[in-house]
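# Survey of secondary and tertiary structure
Below are the chains, spelled out letter by letter.
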Amino acid sequence: SEGEDGVKEGRVPMTSLRRFTAEDVFGFTNINLDYLTETYNLAFYFQYLVRWPEYFEVAETPSGRMMGYIMGKAEGKGTNWHGHVTALTVAPEFRRIGLAQHLMNELEEISEKKHNGYFVDLFVRKSNELAINMYKKFGYSVYRRVIGYYSGEEDAYDMRKALARDVDKESIIPLKNPVYPEDLEAP
């Protein structure tokens, strides 16, 4: 059956992607209520909006209801130049219809075609098995474990997916030993 927002179970509804706007920070409360979703201060969102607007997209229904969003950036130097997923979240009622994959594909395309990156990376809580498995289905693999990444209390996995520029897929060869947040490369 189809709900009022045009959602049919098991597939992406008529969804439009658009750039995130400043007004959107007041409209995504239903999405950010998930306990696994990192919520940042307003200045953080606005910094991304100004510096990397192409990486900050919203998915919405035909009626304008926000379904999810992705925010990211381009960072690194040399062969470490890459796209980074800072946040990906989908409202609970719009999960399992392919929306996260759609948003990730957009970010990967921007990273590859506009920024000519070597890979895309993201950090995910080690305990978030659902997300880890989802990212693996999207072609990501665990590159390294970061000890105490989340407020010093929980480890993260740095997951990566090589892009076309990394022909030999050197950027995704897993590290043998874990690292600490202070060991991460500065952008």
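This text goes with the structure placed above it.
Residues numbered from 1 in each chain as written. Predicted model: local features only at pLDDT ≥ 70, side-chain atom pairs only at ≥ 80, totals over all residues. Heavy atoms only, no water.

## Concerning the packing of aromatic side chains
A full pass over the atoms with the stated rule returns 9 aromatic pairs. Centroid distance Phe123 to Tyr149: 4.5 Å. Interplanar angle 15°. Geometry classified as stacked. Here Phe123, found in strand β5 (residues 119-125), pairs with Tyr149, found in strand β6 (residues 141-150); they are 26 residues apart in sequence, far enough to count as distant. Taking relative accessible area as the criterion, Phe123 reaches 17% and is therefore assigned buried. On the basis of relative accessible area, Tyr149 is assigned to the partly exposed category, the value being 29%. What links up through ring pairs into an aromatic cluster is the set Phe20, Phe56 and Tyr69. In this arrangement the basic side chain of Arg125 is found over the ring face of Tyr150, its NZ or CZ atom lying 4.2 Å from the centre. (Phe/Tyr/Trp six-rings, centres within 6.5 Å; stacked < 30°, edge-to-face > 60°. Helix = DSSP H or I, 4+ residues; strand = E, 2+ residues; numbered from the N terminus. Buried < 20%, exposed > 50% of the residue type's maximum accessible area, 1.4 Å probe, protein only. Lys NZ or Arg CZ within 6 Å of the ring centre and 35° of its normal.)

## Observations regarding a nonpolar patch on the surface
On the surface, a cluster of nonpolar side chains totalling about 310 Å² of accessible area is made up of Phe26, Leu42 and Phe46. Note that Phe46 resides in helix α2 (residues 42-51). (Patch = residues over 30% accessible without salt bridge, like charges linked within 9 Å, V, L, I, M, F, W, Y side chains within 5 Å. Areas by Shrake-Rupley, 256 points an atom, 1.4 Å probe, with all protein chains shown as cover. Salt bridge = Lys/Arg side-chain N within 4 Å of Asp/Glu carboxyl O.)

## Structural notes on the environment of Phe26
The topology assignment puts Phe26 in the loop between β1 (16-19) and α1 (29-32). Take Phe26: its relative accessible area is 63%, and that puts it in the exposed class. In this structure the C-alpha to C-alpha distance between Phe26 and Leu42, which are 16 residues apart in sequence, comes to 9.8 Å.

Structural measurements only, silent on function.
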